[in-house]
Amino acid sequence: MDMITEAKQVARHEAARAVKSAKGAAAAATHGEYLTFRLGGEEYGIDILRVQEIRSYEQPTRIANSPAFLKGVVNLRGVIVPIIDLRVKLNCNSADFNAFTVVIVLNIMGRVVGAVVDSVSDVLELSTDQVKPAPGMNAQVDMSFITGIANVGERMLILMDITALMSAADMGLIEQSQGETA
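Residues numbered from 1 in each chain as written. Predicted model: local features only at pLDDT ≥ 70, side-chain atom pairs only at ≥ 80, totals over all residues. Heavy atoms only, no water.

Peer 1: Looking at this structure, I do not really get the confidence of the model for the protein. What am I missing?
Peer 2: Low pLDDT means the predicted coordinates in that region are not meant to be read closely. The pLDDT averaged across the protein works out to 79; a share of 73% of its residues lies at or above 70. Here residues 1–5 is a poorly scored stretch, pLDDT under 50, and it has zero contacts once near neighbours within four places are set aside; other chains count. Below pLDDT 50 for its whole length, residues 18–30 participates in 15 contacts with residues either more than four positions away or in separate chains. (pLDDT = per-residue confidence, 0-100. Contact = heavy atoms within 4.5 Å.)

Peer 1: Would you mind showing me how to read the sheet that holds strand 1 (residues 32–39) here?
Peer 2: Within a sheet, adjacent strands bond to each other through the backbone by hydrogen bonds, running parallel or antiparallel. The strand order across the open sheet built from six strands is 8-1-2-11-10-9, with neighbouring strands paired in mixed fashion. Whereas interior strands pair on both sides, the edge strands pair on one side only; in this sheet they are strand 8 (119–126) and strand 9 (131–132). Two strands pair when backbone bridges link them, and strand 10 (residues 146–152) and strand 11 (residues 155–160) are joined in this way by six bridges, in the antiparallel orientation. If you follow N151 over to strand 11, its bridge partner there is M156. (Pairing = 2+ DSSP bridges. Helix = DSSP H or I, 4+ residues; strand = E, 2+ residues; numbered from the N terminus.)

Peer 1: Can you help me understand the nonpolar core in this one?
Peer 2: Most often, soluble globular proteins have nonpolar side chains that are buried together. With 27 residues, the main nonpolar core has F37, I46, L86, L106, M160, I162 and M166 as its most contacted residues. Those elements giving two or more residues to this core turn out to be strand 1, strand 2 (42–47), strand 6 (102–108), strand 7 (111–117), strand 10, strand 11 and helix 4 (162–166). Tallying contributions element by element places strand 6 first for this core, with four residues. Residues Y57, V105, V112 and V116 belong to the second largest nonpolar core, which totals nine residues. (Core = buried A, V, L, I, M, F, W, Y, C linked by side-chain atoms within 4.5 Å. Buried < 20%, exposed > 50% of the residue type's maximum accessible area, 1.4 Å probe, protein only.)

Peer 1: Could you clarify how one ought to interpret unusual backbone geometry in this entry?
Peer 2: As a rule of thumb, non-glycine residues mostly have phi less than zero, and peptide bonds are mostly trans rather than cis. Positive phi, close to 60°, is recorded for N65, a residue that is not glycine. Here N65 shows up in the loop between strand 3 (51–56) and strand 4 (70–76). By relative accessible area, N65 is classed as exposed at 83%. The residue N91 is not glycine, and still its phi comes out positive at about 55°.

Peer 1: Is there a simple way to think about the pattern of salt bridges in this case?
Peer 2: Oppositely charged side chains are able to pair whenever their charged atoms sit close together. Tallying each qualifying case throughout the model produces eight salt bridges. Put simply, R55 and E53 hold a salt bridge, and the shortest N to O gap is 3.5 Å. Notably, a salt bridge pairs E58 with R55, separated by 3.4 Å at the nearest N-O pair. You can call E58 partly exposed: its relative accessible area is 38%. Note on R55: relative accessible area 28%, which makes it partly exposed. Sharing partners across several salt bridges, the network here consists of R38, E43, D122 and R155. (Salt bridge = Lys/Arg side-chain N within 4 Å of Asp/Glu carboxyl O.)

Quick look at the structure:
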């Protein structure tokens, strides 16, 4: 009986995921479950469905001539995974490594990527009422990956479209033509 119940829950989860994908990124950005993490003094949230696992930080193998935010690569069970330091990429004041520093392993458009963050907080379910649109900024501030701001009690949470950030041209991780037919 437990296996049947579990199978039904998995089927419901997959159906909800398919519906969420069909509604598009805008709908996904306004409600759902988010993994929250800290970068410097700010707290961010990303769609929990993009998270594959959370690992302790280990020193990656550096790649020559790579940008400062690309820390290098690690071998994750036979898969070579690029490690991006989100603290450096998003210009946080400090990027110190300590016991709380972790790597969030993400699955972005079929590609596995690691993101270094200061710490992981929790998983929150946010309703549409809790999420406000990201503020408008001038053209020099790249807000394309910020999908909204959520107020959770006394906390302000910056919601991020991690797929948009990781597939940005300057990242060079995900080919722009991936998923398109030539």
